[in-house]
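Secondary and tertiary structure notes
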Amino acid sequence: MNVVDSEVVAAILQKQDYQITEEINEASLILVNTCSIRDNAEQRIRARLREFGRIKKENKEVSVGLIGCMAERLKEQLLEEEAVIDLVVGPDAYRELPRLLSQVELGQKGIDTLLSTTETYADIEPVRMDKNKVTSFVSIMRGCNNFCSYCVVPGTRGRERSRDPETIIAEATDLFENGYREVTLLGQNVNSYKWGDMEEGVSFEQLLDRVAGIDPLLRVRFATSHPKDMSDELLKVMAGRPNLCRSIHLPVQSGSSAVLKRMKRKYTREHYMDRVEAIRKYLPDASLSTDIIAGFCGETEEEHKQTLSLMEWAGYDLSFMFKYSERSETFAARKLEDDVPERVKTKRLNEIIELQLKLSLAGKQKDIGKSYEVLAEGTSKKSEEQLYGRTSQNKVVVFPRGLVKPGDYVHVKITDCTSATLLGVLNF
Ligand code: SF4
């Protein structure tokens, strides 16, 4: 979401004659788009601000702005705590940047952290900052109404609102016509996408079908799905469109129903398993990825073991795994005790990571000998002679360049793998 938001901010500022530079010493304005999801993310941002303070000392003309969730969460407090900051702008206030920058030019501080119930930036054509010009993100909704007990997002990004489907189709069509071959539709909870009223409105399933209908050569992904809203109807739509990618990210967070209840996730272990079974039924070749939190409030050893057993059962191809990090002003911070000792959180996280490495490797070993259609994305980091791309299952494949260009579809026979990457040869 922050990548997309940065592209929206770049579009707003380009209209004010700003240009993007990759050379920080050339910049007259440095904007840091921030994440508040864990304390660690905020600490890293504060370290980065100290670096910008040194740049500012050498060049008094430079302004520094903090935008995104941390701006929304801490508001004026940031201006008080971090002298280097001139500008604080929340995720729904980016249209105010030109006005706020004029204030900064006059030597004042600029701040706007008003949340909106309608802002989707639907009419702004983002300035693409992706490097490969093959894959891109398209934001379809903003905010979240779920209020999971540990999460700051409803507070920092506001309530759910969906973007006009016509603007989404237009943006995805434009990307395809400009050579892009993959779009990822983004929202905090994409299954809740809804435009208009029930009778004549557009649901997420309908939107997905329309985007996939732009061209069979356009691959379509989406993130993130909420397990409570993952419907059979969505899976049927996916099964009917081969260009809807066979990869589903379904954050589980914990394998214990008791922990899920404390997390206010609104589903149980059994419901989650039922949804995975539905995925397996309609999309037998789909890969599955997830998010897991280790050591949430009150988590017992037995509850942790339930997470491990669910991981084994689901056979995740990929997981994003974190220790629980308490965020102030969430339900968990107010009402639950962050009582799992740090060393226990670390031990449990390590067990989760170790298991995931095993599952990722086993999943990829099963691909050896098979042939996959791969969308080439760019030159491999390790060798100019090799390209990397992805299968529909979102697995990275490295293969010899041959005459292939980024944006081409090729068939690759898998010959080897690591836990993170498949290796293969072109299969004509
Ligand atoms: S679904 Fe839960 S975890 Fe995800 S953004 Fe919404 S509140 Fe946060």
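Residues numbered from 1 in each chain as written. Predicted model: local features only at pLDDT ≥ 70, side-chain atom pairs only at ≥ 80, totals over all residues. Heavy atoms only, no water.

Considerations on the overall build of the chain
If you tally the helices and strands in the chain, you get 14 helices and 19 strands. The C-alpha atoms of the chain give a radius of gyration of 22 Å, which matches the 22 Å a tight globule of 428 residues would have. With respect to the principal axes defined by its C-alpha atoms, the chain has extents near 65 × 55 × 50 Å. Looking at the chain residue by residue over its 428 residues, the buried ones come to 54%. Considering only contacts in the chain between residues 6 or more positions apart, those separated by 24 or more positions represent 70%. Taken as a whole, the chain presents about 20000 Å² of accessible surface, with 51% of it coming from carbon and sulfur. (Helix = DSSP H or I, 4+ residues; strand = E, 2+ residues; numbered from the N terminus. Rg over C-alpha atoms; globule rule 2.2 N^0.38 Å. Buried < 20%, exposed > 50% of the residue type's maximum accessible area, 1.4 Å probe, protein only. Contact = heavy atoms within 4.5 Å. Areas by Shrake-Rupley, 256 points an atom, 1.4 Å probe, with all protein chains shown as cover.)

Some points on the site of the ligand
Close to the ligand lie C144, N146, F147, C148, Y150, C151, V153, P154, Q188, H226 and R265. Residue composition of the shell around the ligand, by class: seven nonpolar, three polar and one charged. (Near = heavy atom within 4 Å. Nonpolar A, V, L, I, M, F, W, Y, C, P; charged D, E, K, R; others polar.)

Re the nonpolar core
Ranked by internal contacts, the top residues of the largest apolar core, which has 66 residues, are L185 and L207. For this core, the element with the highest residue contribution is helix α11 (residues 269-282), accounting for six residues. Not counting chain neighbours up to four residues away, the residues in contact with L207 comprise I140, P165, I168, I169, L185, Y193 and V202. V8, A11, I12 and V127 belong to the second-largest nonpolar core, a separate cluster that totals 19 residues. (Core = buried A, V, L, I, M, F, W, Y, C linked by side-chain atoms within 4.5 Å.)

With respect to the packing of helix α12 (residues 301-314) against helix α14 (residues 342-365)
Relative to each other, α12 and α14 sit at 10 degrees, their axes nearing to 10 Å. Here α12 is positioned roughly parallel relative to α14, judged by the angle of their axes. Contacts between α12 and α14 involve E301, H304, T307, L308, M311 and E312 on the former and, on the latter, K347, R348, E351, I352, L355, Q356, K358 and L359. Here the contact of α12 with α14 is built from residues that sort into five nonpolar, three polar and six charged. (Axes fitted to C-alpha atoms, helices over the stretch in contact; angles between N-to-C directions. Parallel < 35°, antiparallel > 145°, perpendicular 65-115°, else oblique.)

Structural notes on the sheet that holds strand β5 (residues 135-139)
Taking strand neighbours across the sheet as the criterion, the three strands line up as β5-β8-β11 in an open arrangement whose pairing is parallel. Where the open sheet ends on each side, the last strands, each with one partner, are β5 and β11 (219-223). On average, adjacent strands in this sheet sit at an angle of 25 degrees to one another, irrespective of strand direction. As defined by bridge partners, strand β8 (residues 182-186) adjoins β11 across five bridges and the pair is classed as parallel. Bridge pairing in β11 places V183 opposite V220. Sheet strands touched by helix α7 (residues 165-177): β5 and β8. Its angle to β5, the strand with the most contacts, is close to 170 degrees. Lying on the sheet, helix α8 (residues 204-212) is in contact with β8 and β11; it crosses β11 at an angle near 150 degrees. (Pairing = 2+ DSSP bridges.)

Section: the pattern of salt bridges
Summed over all chains, the structure comprises 39 salt bridges. With a closest N to O distance of 3.9 Å, D39 and R327 form a salt bridge. Placement of D39 in helix α2 (residues 39-58) and of R327 in the loop between β14 (318-323) and α13 (331-335) is noted, with a sequence separation of 288 residues between them. Accessibility expressed as a relative area gives 3% for R327, which makes it buried. Between K347 and E301 there is a salt bridge whose closest N-O contact spans 3.3 Å. One end of the pair, K347, is in helix α14; the other, E301, is in helix α12, with 46 residues separating them in the sequence. We classify E301 as partly exposed; its relative accessible area is 30%. In this structure, a network of salt bridges that share partners links the residues E299, E301, K305, K347, R348 and E351. (Salt bridge = Lys/Arg side-chain N within 4 Å of Asp/Glu carboxyl O.)

Comments concerning the packing of aromatic side chains
Tallied over the entire structure, the rule returns five aromatic pairs. Ring centres 5.3 Å apart and planes at 75 degrees place the aromatic pair F204 and F222 in the edge-to-face group. Of this pair, F204 sits in helix α8 while F222 sits in strand β11, and the two are 18 residues apart along the sequence. Of the two residues, F204 and F222, neither departs from the other in class, the shared state being buried. With a centroid separation of 6.1 Å and an interplanar angle of 35 degrees, the aromatic rings of Y267 and Y272 are classed as tilted. In this structure, Y267 and Y272 share a single accessibility class: buried. An aromatic cluster of at least three residues, connected via ring pairs, comprises Y150, F296 and Y324. The residue whose ring lies beneath K264 is F331, and the NZ or CZ to ring-centre distance is 4.3 Å. (Phe/Tyr/Trp six-rings, centres within 6.5 Å; stacked < 30°, edge-to-face > 60°. Lys NZ or Arg CZ within 6 Å of the ring centre and 35° of its normal.)

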